[in-house]
Amino acid sequence: MKDIITLSIESSCDETAVAVLKNGREVLANVVSTQIELHKKFGGVVPEVASRKHIENIDAVYQEALDTAGIKAEDIDHIAVTYGPGLVGALLVGLSYAKALAFTLGIPLVGVNHMQGHINANYIQHKDLKPPFITLVVSGGHTHLVEVKDYQNYEILGRTRDDASGEAFDKISRAMGLGYPGGPIIDKLGPIVDRLAKEGNKNAIDFPRAYLDEGYDFSFSGLKSAVLNYLNAQKMKKQEIVVEDVAASFQEAVVEVLATKAVHAAEEKGYKTIALS
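The model shown is predicted, which means the values in this text are computed figures rather than measured ones.

(A) Broad picture of the packing of aromatic side chains. Following the criterion strictly, the structure yields 6 aromatic pairs and no others. With centroids separated by 5.1 Å and ring planes inclined at 55°, the aromatic side chains of Tyr 123 and Tyr 151 adopt a geometry described as tilted. With Tyr 123 in helix 4 (residues 114-125) and Tyr 151 in the loop between strand 7 (143-150) and strand 8 (153-159), this pair connects stretches of sequence that are 28 residues apart. The ring of Phe 218 carries Lys 261 above its face, with NZ or CZ at 5.8 Å from the centroid.

Right under this line is the structure:
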């Protein structure tokens, strides 16, 4: 039986990525060109800058992926590309490149919602994983709780009503002067104090948890406001702000809600497997 070779292209935000897979689950190459250092000085991703860098990087990333996988363009059976969600200009670069490549090679082109990509990455990491299961999708701009009924059958049980958890991390990190991206900095890579949340006391500050009447939706805008109000109040009173404790307490408030709702969904739906996407 012939192996199926898939070329995958992702350009939805600030990273240009090309991967080569064999039979859907074996990764032969995964090349990523990140723009994090470029966007740090702005405190977040600038769409126009991201789009231009994708144009500069995508051809080199594609060629490196082929070289790493040890294949030629003629070996590719089909191309998968992110069509959304994401930054329009950034998506357009990857889509245009994929369309031109598929047309030139005369092979099928498959558009992929990258939220499904987040979920399906679990099949690559865990070879024995099969539906059905509950998955918590926690990416930069999205927070979803999803019931995976089959490989192409999903039901979104809950989603954020305002900020995604990743956006809240970025905004709190910026407010504390820690930089971008907020998630890894607050969790472990802070330029001011290394491993901030892991060194801080998660019970030091009682930040609110929004459970929204025990439904499956999320909300982090209230928590974000509570942290900002705490920081401003401490400054006005000229009291010390222990950044490690703020980071740890904030992260605990986010993670507790995420974990509680995911477990509740699995119990209510009768599943014994929860995947983190």
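(B) Quick peek at empty space enclosed by the protein. A full pass over the atoms with the stated rule returns 1 cavity of 30 Å³ or more. The volume enclosed by the largest cavity comes to roughly 40 Å³. Taken together, Pro 208, Arg 209, Ala 210, Ser 219, Phe 220, Leu 223, Ala 253 and Val 257 make up the full set of residues lining the largest cavity. Residue classes in the lining of the largest cavity are distributed as 6 nonpolar, 1 polar and 1 charged.

(C) Structural context of the pattern of salt bridges. What the rule picks out here adds up to 12 salt bridges. Here Lys 22 and Glu 26 are joined by a salt bridge, their closest N and O atoms 3.6 Å apart. On the basis of relative accessibility, which here comes to 23%, the residue Lys 22 falls in the partly exposed class. Of the charged contacts in the structure, one is a salt bridge between Arg 209 and Glu 256, with a shortest N-O distance of 3.2 Å. In this pair, Arg 209 sits in the loop between helix 7 (196-199) and helix 8 (221-236) while Glu 256 sits in helix 9 (residues 243-269), placing the two residues 47 residues apart along the sequence.

(D) Seen up close, the sheet that holds strand 7. Strand order in this open sheet of 4 strands is 8-7-6-9, and the pairing throughout is mixed. Of all the strands in the sheet, just strand 8 and strand 9 (274-276) have a single pairing partner and so form its edges. The mean inter-strand angle of the sheet, taken between neighbouring strand axes irrespective of direction, is 25°. The pairing of strand 6 (residues 133-138) with strand 9 spans 3 bridges and is classified as parallel. In the sheet register, Leu 136 faces strand 9, and the bridge partner there is Leu 276. Together, strand 6, strand 7, strand 8 and strand 9 form the strand contacts of helix 4, whose direction differs from that of strand 6 by roughly 125°. Those strands touched by helix 9 are strand 6, strand 7, strand 8 and strand 9, and its axis lies near 160° from that of strand 6.

Cut-offs applied
Residues numbered from 1 in each chain as written. Predicted model: local features only at pLDDT ≥ 70, side-chain atom pairs only at ≥ 80, totals over all residues. Heavy atoms only, no water. Phe/Tyr/Trp six-rings, centres within 6.5 Å; stacked < 30°, edge-to-face > 60°. Helix = DSSP H or I, 4+ residues; strand = E, 2+ residues; numbered from the N terminus. Lys NZ or Arg CZ within 6 Å of the ring centre and 35° of its normal. 1 Å grid on protein atoms, 1.4 Å probe; cavity = no way out; pocket = protein on both sides within 12 Å on 5 of 7 lines; lining within 4 Å. Points joined across faces, edges and corners; volume = space filled by probe spheres on them. Nonpolar A, V, L, I, M, F, W, Y, C, P; charged D, E, K, R; others polar. Salt bridge = Lys/Arg side-chain N within 4 Å of Asp/Glu carboxyl O. Buried < 20%, exposed > 50% of the residue type's maximum accessible area, 1.4 Å probe, protein only. Pairing = 2+ DSSP bridges. Axes fitted to C-alpha atoms, helices over the stretch in contact; angles between N-to-C directions. Contact = heavy atoms within 4.5 Å.

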